[in-house]
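Observations on the three-dimensional arrangement
Chain by chain, the residues:
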Amino acid sequence: MLFRSTSTIEAYNPMDVVFKNGSLYLNLNHKFNDKGQELTVNTDYIGYDSKINQELYNTQSAPDGSVLNQSLLQSNLPSTIKIATAKADYSGVAVAKGSLDFGAKSSYVKTNNIAAFYDVVGATVTPNYDFSNDFTYQERIHAGYVNYSKDYIKWTVQAGMRLEYTHIDGYQSGNPVVRDSSFVKKYTSLFPTLYVQHRIDTPQPYRDWE
């Protein structure tokens, strides 16, 4: 069986890429006494920003080298991501000969991704709505917890509860070809925990027999 080339496609894809990322962290720790009671606060912010411009050239040639078809697809692909969190923990509160810890945390995430495509024929630039896309996503999570632990002679008991609320939004922008769409999710979750530890051997006080 003989194989014969009917055409050749050559692709060329130059692009210009720019990334800008930044972050900020703030931390606070305060000890109220020498019994382990302390407050810890952490805040974080991270930002990502990227811009990508690219061109996709396609040239279809016959076996004799003559050009059968040429196309140029341009695209602008900016994207941003923002992440922010804040957390506070208070630990070491003496309650009923045990230790009580509690705290709260909130986080926020937002992303925006745009894909704008254009068909270029000569000097005419036409939006390509089949390939183009614009999507925005937001996520907010708020949580609080409380934890109590107590030591006995051979036992350690720890019980806790965490309450978490999540709110998610997504939006897909429409265009003359694709309809817009969106979704929303909201839910609350409760996470109880219980740990029990048993020590088989009770530590004995140190004795100097000499």
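Residues numbered from 1 in each chain as written. Predicted model: local features only at pLDDT ≥ 70, side-chain atom pairs only at ≥ 80, totals over all residues. Heavy atoms only, no water.

**As for the overall build of the protein chain**
- Regarding its fold elements, the protein chain presents zero helices and ten strands.
- Ordered by position from N to C terminus, the α and β elements of the protein chain give β-β-β-β-β-β-β-β-β-β.
- The C-alpha radius of gyration of the protein chain comes to 30 Å, more than 25% above the 17 Å expected for a compact globule of 210 residues.
- Expressed as lengths along the three principal axes of its C-alpha atoms, the size of the protein chain is roughly 100 × 45 × 30 Å.
- Residues classed as buried in the protein chain amount to 20% of the 210 residues present.
- Accessible surface, the protein chain as shown: approximately 15,400 Å² in total, 57% of it carbon and sulfur. (Helix = DSSP H or I, 4+ residues; strand = E, 2+ residues; numbered from the N terminus. Rg over C-alpha atoms; globule rule 2.2 N^0.38 Å. Buried < 20%, exposed > 50% of the residue type's maximum accessible area, 1.4 Å probe, protein only. Areas by Shrake-Rupley, 256 points an atom, 1.4 Å probe, with all protein chains shown as cover.)

**Remarks on the confidence of the model for the protein chain**
- Residue-level pLDDT values for the protein chain average 90, and 94% of them are 70 or greater.
- Segment residues 206-210: pLDDT under 50, and zero contacts once partners within four positions in sequence are set aside and those in other chains are kept. (pLDDT = per-residue confidence, 0-100. Contact = heavy atoms within 4.5 Å.)

**Structural notes on the packing of aromatic side chains**
- Counting across every chain of the model gives four aromatic pairs.
- Ring centres 5.9 Å apart and planes at 80 degrees place the aromatic pair Phe-117 and Phe-131 in the edge-to-face group. Of the two residues, Phe-117 is situated in strand β6 (residues 98-121) and Phe-131 in the loop between β7 (124-127) and β8 (133-151); the sequence distance between them amounts to 14 residues.
- With a relative accessible area of 16%, Phe-117 lands in the buried category.
- These aromatic residues form a ring-pair network of at least three members: Phe-32, Tyr-90 and Phe-102. (Phe/Tyr/Trp six-rings, centres within 6.5 Å; stacked < 30°, edge-to-face > 60°.)

**A few points about the pattern of salt bridges**
- Within the structure shown, the criterion is met by four salt bridges.
- A salt bridge links Lys-87 to Asp-89; the nearest nitrogen and oxygen atoms lie 3.9 Å apart.
- The class of Lys-87 is partly exposed, set by a relative accessible area of 35%.
- Exposure remark for Asp-89: the relative accessible area of 16% places this residue in the buried category.
- Salt-bridge contacts for Asp-169 lead to Arg-140; the nearest nitrogen and oxygen are separated by 2.6 Å. Of this pair, Asp-169 sits in strand β9 (residues 155-172) while Arg-140 is found in strand β8, placing the two residues 29 residues apart along the sequence. (Salt bridge = Lys/Arg side-chain N within 4 Å of Asp/Glu carboxyl O.)

**Topic: the environment of Arg-179**
- Following the sequence through the fold, Arg-179 ends up in the loop between β9 and β10 (181-198).
- Each C-alpha atom of the pair Arg-179 and Ile-200 lies 66 Å from the other, and the pair is 21 residues apart in sequence.

**Points about the environment of Asn-29**
- Residue placement: Asn-29 occurs in strand β2 (residues 15-31).
- Apart from the residues lying within four places of it in its own chain, the contact partners of Asn-29 are Glu-38, Leu-39 and Thr-40.
- There is a polar contact of 3.3 Å between the side chain of Asn-29 and the side chain of Glu-38.
- For Asn-29, the side chain forms a polar contact with the side chain of Thr-40, separated by 2.9 Å. (Polar contact = N/O pair within 3.5 Å; in protein donor to acceptor, adjacent residues only side chain to side chain.)

**Here we look at the pairing of β7**
- Relative to β7, β6 is paired through four bridges, and the arrangement is antiparallel. Note that in β7 the partner of Tyr-118 across the bridge is Pro-127. (Pairing = 2+ DSSP bridges.)

**Comments concerning the pairing of strand β1 (residues 8-12)**
- Of all the five residues making up β1, zero are buried; the element is thus mostly uncovered.
- The pairing of β1 with strand β3 (residues 38-61) spans five bridges and is classified as antiparallel. Counted as the bridge partner of Glu-10 is Thr-59 from β3.

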